[in-house]
Protein chains: 4
Amino acid sequence: MYSFKNDYSEGAHPQILNQILKINAEQNIGYGQDQYSELAKELIKNIIAKKDAAIHFLVGGTQTNLTVMAAFLRPYEAVIAPHTGHILVHETGAIESTGHKIISVATTEGKLTTEQILAVLKEHTDEHMVKPKMVYISQPTEIGTIYSYAELNKISELCKQKNLYFYIDGARLGSALMSEKNDVNLAQIAQLTDAFYIGGTKNGALFGEALVICRQKLQTDFRYHIKQRGAMLAKGQFLGVQFWEMFKAGLYYQLAEHANKMAKLLKMALQDLECEFLVNTDTNQIFPILSKRVIASLEKKYSFYIWQEISEDCAAVRLVTSWATSESVVQEFVADLKQLLSGAV
Amino acid sequence: MYSFKNDYSEGAHPQILNQILKINAEQNIGYGQDQYSELAKELIKNIIAKKDAAIHFLVGGTQTNLTVMAAFLRPYEAVIAPHTGHILVHETGAIESTGHKIISVATTEGKLTTEQILAVLKEHTDEHMVKPKMVYISQPTEIGTIYSYAELNKISELCKQKNLYFYIDGARLGSALMSEKNDVNLAQIAQLTDAFYIGGTKNGALFGEALVICRQKLQTDFRYHIKQRGAMLAKGQFLGVQFWEMFKAGLYYQLAEHANKMAKLLKMALQDLECEFLVNTDTNQIFPILSKRVIASLEKKYSFYIWQEISEDCAAVRLVTSWATSESVVQEFVADLKQLLSGAV
Amino acid sequence: MYSFKNDYSEGAHPQILNQILKINAEQNIGYGQDQYSELAKELIKNIIAKKDAAIHFLVGGTQTNLTVMAAFLRPYEAVIAPHTGHILVHETGAIESTGHKIISVATTEGKLTTEQILAVLKEHTDEHMVKPKMVYISQPTEIGTIYSYAELNKISELCKQKNLYFYIDGARLGSALMSEKNDVNLAQIAQLTDAFYIGGTKNGALFGEALVICRQKLQTDFRYHIKQRGAMLAKGQFLGVQFWEMFKAGLYYQLAEHANKMAKLLKMALQDLECEFLVNTDTNQIFPILSKRVIASLEKKYSFYIWQEISEDCAAVRLVTSWATSESVVQEFVADLKQLLSGAV
Amino acid sequence: MYSFKNDYSEGAHPQILNQILKINAEQNIGYGQDQYSELAKELIKNIIAKKDAAIHFLVGGTQTNLTVMAAFLRPYEAVIAPHTGHILVHETGAIESTGHKIISVATTEGKLTTEQILAVLKEHTDEHMVKPKMVYISQPTEIGTIYSYAELNKISELCKQKNLYFYIDGARLGSALMSEKNDVNLAQIAQLTDAFYIGGTKNGALFGEALVICRQKLQTDFRYHIKQRGAMLAKGQFLGVQFWEMFKAGLYYQLAEHANKMAKLLKMALQDLECEFLVNTDTNQIFPILSKRVIASLEKKYSFYIWQEISEDCAAVRLVTSWATSESVVQEFVADLKQLLSGAV
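J.: Describe the sheet that holds strand S7 (residues 195-199) of chain C, and please don't skip the residues or the numbers.
T.: Residues and elements named next belong to chain C. Reading across from one edge, S2-S8-S7-S6-S5-S3-S4 is the order of the 7 strands in this open sheet, with mixed pairing throughout. Of all the strands in the sheet, just strand S2 (54-58) and strand S4 (102-105) have a single pairing partner and so form its edges. Here the average twist between neighbouring strands, direction ignored, is 20°. As paired elements, S2 and strand S8 (residues 209-213) share 5 bridges and run antiparallel to each other.

Written out as structure tokens, the structure is:
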């Protein structure tokens, strides 16, 4: 049984694991104040060309999101997010648990627009309502689409004008950066946002997310927040060393590129088979629409999520590729699918 | 300037105020453990025919809602509410502030259906999502409509079957109970729900809401929750004595009936003038659609909320009547409106 | 049975109640934005000689404390308080419920010193601990003692130097202001603190506390916090009008003076009877030490709290007087006590 | 520079790391529902002889403590803890951040007694105070002492009688279990407590704590709590596999035994040098009292915490040993110390 369920089924890329091995026996200062964390931070600051950014390494995405929002927002301040946003759907109310409302906006293709943000602001007029203060988006979105530079810039401009924080959840940021359709780089993201995180877990790290806080006033005392939320790893050098390895020679990009390439192979093969898609994506997730008969057959050999029912006979499934997906497994899947579809005639 | 903005612009009905005066000089035990609170509780228990209910008097509605939800729900449990629900729109994130997510359901006429509740349950499948545990509705709804007994019973049955709590926000419960279309009484509400509150503030009390907790396991240690939320009034006798006065000889119903009657006078007059309404209501709120020219003229003499833009020229306004609205002011408003509309020809 | 248990057993002083009656039938804007609240705010700003203060009227003390701390503090910031502080002992964890730790300091006579504050600061060195950010004291303290101007000034200076907020819980502030030993006025308190509240509930109001926020940066969006905590009274004019009446011609001081005078009569009579006291107080609370036999006899006719066991035979009791305590009841109590004590010989 | 600062300066024991390597390339189900987590859970259930226990693997100790308390307690319920308790001192208010008060009890040698617990219960009488509901202790304590079976049993009995939860923070549980003075095993701890955790981070794991929930009613929906607090590791197999390795052939005990042995070598050498100790311990922490001159000299070559000033000239330092401390480094330290002390004469 091969799983296309997600991009975190395997452990770490061997190069990353190797670094962990290499420093394992060393004594290091705990809680993220070690030399490897420092090296990784410097590296990332160079890449984003922002020396005054504050960088923190956390273990997971939900943890990062909840720590950020608890830290940045006053109790009555709320987050605006697309209805597909991870914080709205798949974090068990972690944000609300810190006391903050998320204002859900129904979107198409998972992408928030400035018009929608403005509409939310217009509705929230006084102290009987929460005060929208942060815009949350994911790049790529939870359904694999990406924002263009122009779109991000427009949101960023609006946020500056309306005094909102702009935060990007980059759980799969690598995949967005390496998408064929992408026209934004990390340095630009650091210019456009108040904070964002670079996801490691879904791009070949054993665990870990690199939070970048761009706006200076949001940097104050952030380590207190990390500790208070139980998010400060004792042996922090193993977060630092992973990000160091990922960024010191481009490994982060290579892994994401591979994941995207595997998705593209799947997508092209499915297009050749005249398959339709729920949404058109150019990252490491694709959402082909298949007949339930075909799905049932595929499930004998592959695991994946059935994403959405389309009709009585059809459903969209989600196939996720990763740094660890081999071209041979993709070809095998395509071959199996071909046979199933031809058998359907 | 006469205000139709809400039903809490004036103080208390003279009979209620008189009771406050009468006991003012007495010494009473504090924090709701006085004799008047006891009398009022017994009275209400008799009316709802539920001796094992627990009754608590709180000062306001938001306070009551947030104390209830913080008390009843475990951290990961969520509330299902219609998108017009007061807790979703007009309580500055008070519920989220206690850590709980509210799942918003888009409704027509402000009323939640069992189909919608079932759809929410279906979407929430595992521990990566919050667990829906309470159904919140308002009777009447925030836009003046009411649930029938059959509708409430259907929701109640579903809640029992799915192990959800059913809670009714009765900020304007009197107005629902006295609506011409109403077929539910307080005793039935106590049978159908796990908890509900009987609103005083919007029906002639100086302040105060009577929370009725019907399900026994939810009654445990509730006074701790009240105190922790800062919601325990020191001179609690003045809550008790108001509810005693309101319920000992039917004053609560009379006040609500008057409010409804005034709304009906307005509604009938507006219908005679061939006015349309945003929503058809039979309580103390009406939502006529008027031209912006007429609205502007009316605003010189009357205050009210412009509820929703309908077109470039028209908007729906909200007119609220209360126990304190006099028939003469209604007639004057109608006369003014008539003149304005004829002038429009 | 006459109660010396507290200073909130009765309702409101007749003059205050009379104002409520007078405006009862009027329509007023809700939620504290009415004309009477404005008048009362202007009055208090004049008295404290601080035009840029922000004043808000809330219903009760716990509510005020929790709203203040939730509003002023970031999640990891903590409050320093004497171990007898109301927020530590008698508010059911209301402050912790908003997420903040209170650091308890063991004190004598309920009063915090700058040495103690400095010791707390010294212990809290990094992000593995909370960050002390607010000093909370009560004036008078929960055991009836008061801080001198010099003591308050020293704390204030330290707070400024160490960037701490200085907040005074003034539930019984009137009694402190009118104490024979007092050398601080309201204007000075406003100069020394970042915020404080003037208690109404325990000094003749039906309910209500006037929160004064002196530091401008803490004033921002405070109404959002009030609403979010369920602490915004719908018919806010009845808070405003009470404080207006209390302060427009000195009634607030007169009521407190009377309460203190009654306590002094009790204290002097007890001293004449060679009674000792747990703590020496000059406000409206006294803590005489009596034999348990005498206590048991007194309890047949009077109610009061047994505060602390002193020995197998003796205990300290708390006697609280108020604006409503009559001289005759004090004389009766003294006479009864005299008889009991002589009978003991 | 060699560090005796803590027991988490190095990475993982090679055997544990080797297991991580071995399963790295495998696809596993995420979020702790993998086969290795299952194996580890079964193993631990066997060791504690409690088939109906629920076991969860979390990344760190603060995270585990806050998730447990947020999950087990109702909002007004509080924790009783010794004043040295980790949750009180070194978790940045993480527990209060979830809304719960911790009641601090001043203890000697960091150990809570039943008398102290009873005293706390006696003081908390009604709904104006929090309700003590959980007893928190650490085994070993934060200052290296351990509870005997008799002491734990007495607390356990009291908790059962008073309906309190008994929870043990086992961050260094291995060291307690392998202490020469220890007379309690894991199965007994599981019998005595409602929940406890077995610390991995401080005993040779790369990261990870194994939470054991013994009381069944506290097990319900616990994965929701884990997820909500951001404490659910995506690649959970790497938590499971570490605990599997640690417990399948006794490695956990061997590592703790080694740490204790190294501490004992230090302790004996120091005793030979007639050094006194702040507290007498038999685990992997010792607290010798040294002259400040000696401390300053040692600090050139070794790092450790200065724990407490004893006099103008002396201070107690904390030396922590671990699974990774070599006998040679201990001997070197002892030799250096000997020289310093002789030089002092």
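Read on, since the account is not over.
J.: Break down the interface of chain A and chain D for me, citing the residues and quoting the values.
T.: Accessible area lost on assembly of the parts is the figure often given for the size of an interface. Listed by partner, the interface residues are 42 residues for chain A and 42 residues for chain D. For the pair chain A and chain D, the two sides together bury roughly 3600 Å², of which 53% comes from carbon and sulfur. Three residues stand out in chain A for area buried against chain D, namely Gln27, Gln228 and Lys235 of chain A, and they jointly supply 20% of the buried area on that side. Between the two partners, chain A and chain D, sit 0 salt bridges. Along the contact surface separating chain A from chain D lie 31 residue pairs in polar contact (both at pLDDT 80 or more). Listed by contribution, the elements that provide at least two residues to the side of chain A that touches chain D are strand S1 (2-3), helix H1 (14-23), helix H3 (61-72), helix H5 (94-97), helix H10 (222-228) and helix H11 (237-248) of chain A.

J.: Which residues make up the packing of aromatic side chains, and what values go with them?
T.: When we look at a pair of aromatic rings, we describe it by the centre distance and by the angle of the planes. One pass over the structure, following the stated rule, counts 62 aromatic pairs over all chains. With 6.0 Å between their ring centres and 85° between their planes, Phe247 of chain B and Tyr253 of chain B make a pair best called edge-to-face. Here a set of aromatic residues connected by ring pairs shows up, and it is made of Tyr2, Phe4, Tyr302 and Phe333 of chain A. Lys133 of chain C extends its terminal NZ or CZ atom over the ring of Tyr165 of chain C, reaching a point 5.0 Å from the ring centre. Cation over ring: Lys248 of chain D sits above Trp244 of chain D, and NZ or CZ is 4.1 Å from the ring centre.

J.: Give me the lowdown on the relation of the copies chain A and chain D, citing residues and values where you can.
T.: At an RMSD of 0.0 Å, chain A and chain D line up after a rotation of 180° and a shift of 0.0 Å along the axis. The transformation relating the two chain copies, once decomposed into turn and shift, fits a two-fold axis. When you check the interface residues of chain A against chain D, 100% turn up at the interface there too, and the contact is symmetric in its surfaces.

J.: How would you explain the pattern of salt bridges if you had to name every residue and give the values?
T.: Summed over all chains, the structure comprises 72 salt bridges over all chains. Of the charged contacts in the structure, one is a salt bridge between Asp221 of chain C and Lys131 of chain A, with a shortest N-O distance of 2.8 Å. Of this pair, Asp221 of chain C sits in the loop between S8 and helix H10 (222-228) while Lys131 of chain A sits in strand S5 (residues 131-138), placing the two residues on different chains. Accessibility expressed as a relative area gives 29% for Lys131 of chain A, which makes it partly exposed. Between Asp282 of chain A and Lys267 of chain A there is a salt bridge, with the nearest N and O atoms lying 3.2 Å from each other. Note that Asp282 of chain A is positioned in the loop between strand S9 (276-277) and strand S10 (285-286) and Lys267 of chain A in helix H12 (residues 251-272), a separation of 15 residues in sequence. Given the relative accessible area of 11%, Lys267 of chain A is considered buried. Residues joined by salt bridges that share partners form a network here, namely Glu42, Lys45 and Lys51 of chain A.

J.: Describe in detail the interface of chain A and chain B, supporting the description with residues and values.
T.: Contact residues are listed per partner, giving 16 residues for chain A and 16 residues for chain B. Taken over both partners, the interface formed by chain A and chain B buries close to 1300 Å², and the fraction arising from carbon and sulfur atoms is 52%. If you sort the residues of chain A by the area they bury against chain B, Thr92, Glu96 and Lys101 of chain A come out on top, with a joint share of 41%. The tally of links between chain A and chain B comes to 10 residue pairs in polar contact (both at pLDDT 80 or more). At the level of elements, helix H4 (86-89) and H5 of chain A are the ones that each hand at least two residues to the side of chain A that touches chain B. Across the side of chain A that touches chain B, the residue classes tally to 5 nonpolar, 7 polar and 4 charged.

J.: Describe the sheet that holds strand S6 (residues 165-169) of chain D, naming the residues involved and giving the relevant values.
T.: Residue and element names in this part refer to chain D. Spatial ordering of the open sheet is given by S2-S8-S7-S6-S5-S3-S4, a layout of 7 strands whose pairing is mixed. Each end of this open sheet is capped by a strand with a single partner; those strands are strand S2 (54-58) and strand S4 (102-105). Across the sheet, the mean angle separating the axes of adjacent strands is 20° when strand polarity is ignored. Note that strand S7 (residues 195-199) and strand S8 (residues 209-213) share 5 bridges and pair antiparallel. Its bridge partner being in S8, Ala195 is matched across the sheet by Ile213. Across the sheet, helix H7 (residues 149-162) touches strand S5 (131-138) and S6, and the angle it forms with S6 is around 145°.

J.: Describe the pairing of S7 of chain D, listing the residues and the values that go with them.
T.: Residue and element names in this part refer to chain D. Across the 5 residues that make up S7, a large majority, 5, are buried. In the sheet, S6 pairs with S7 via 2 bridges, with the strands oriented parallel. Across the sheet, residue Tyr167 finds its bridge partner in S7, namely Ala195.

Criteria and thresholds
- Residues numbered from 1 in each chain as written.
- Chains lettered and ligands numbered in written order.
- Predicted model: local features only at pLDDT ≥ 70, side-chain atom pairs only at ≥ 80, totals over all residues.
- Heavy atoms only, no water.
- Pairing = 2+ DSSP bridges.
- Helix = DSSP H or I, 4+ residues; strand = E, 2+ residues; numbered from the N terminus.
- Axes fitted to C-alpha atoms, helices over the stretch in contact; angles between N-to-C directions.
- Contact = heavy atoms within 4.5 Å.
- Buried area = accessible area lost by both parts, 1.4 Å probe.
- Salt bridge = Lys/Arg side-chain N within 4 Å of Asp/Glu carboxyl O.
- Polar contact = N/O pair within 3.5 Å; in protein donor to acceptor, adjacent residues only side chain to side chain.
- Phe/Tyr/Trp six-rings, centres within 6.5 Å; stacked < 30°, edge-to-face > 60°.
- Lys NZ or Arg CZ within 6 Å of the ring centre and 35° of its normal.
- Least-squares fit on C-alpha atoms with pLDDT ≥ 70 in both.
- Buried < 20%, exposed > 50% of the residue type's maximum accessible area, 1.4 Å probe, protein only.
- Nonpolar A, V, L, I, M, F, W, Y, C, P; charged D, E, K, R; others polar.

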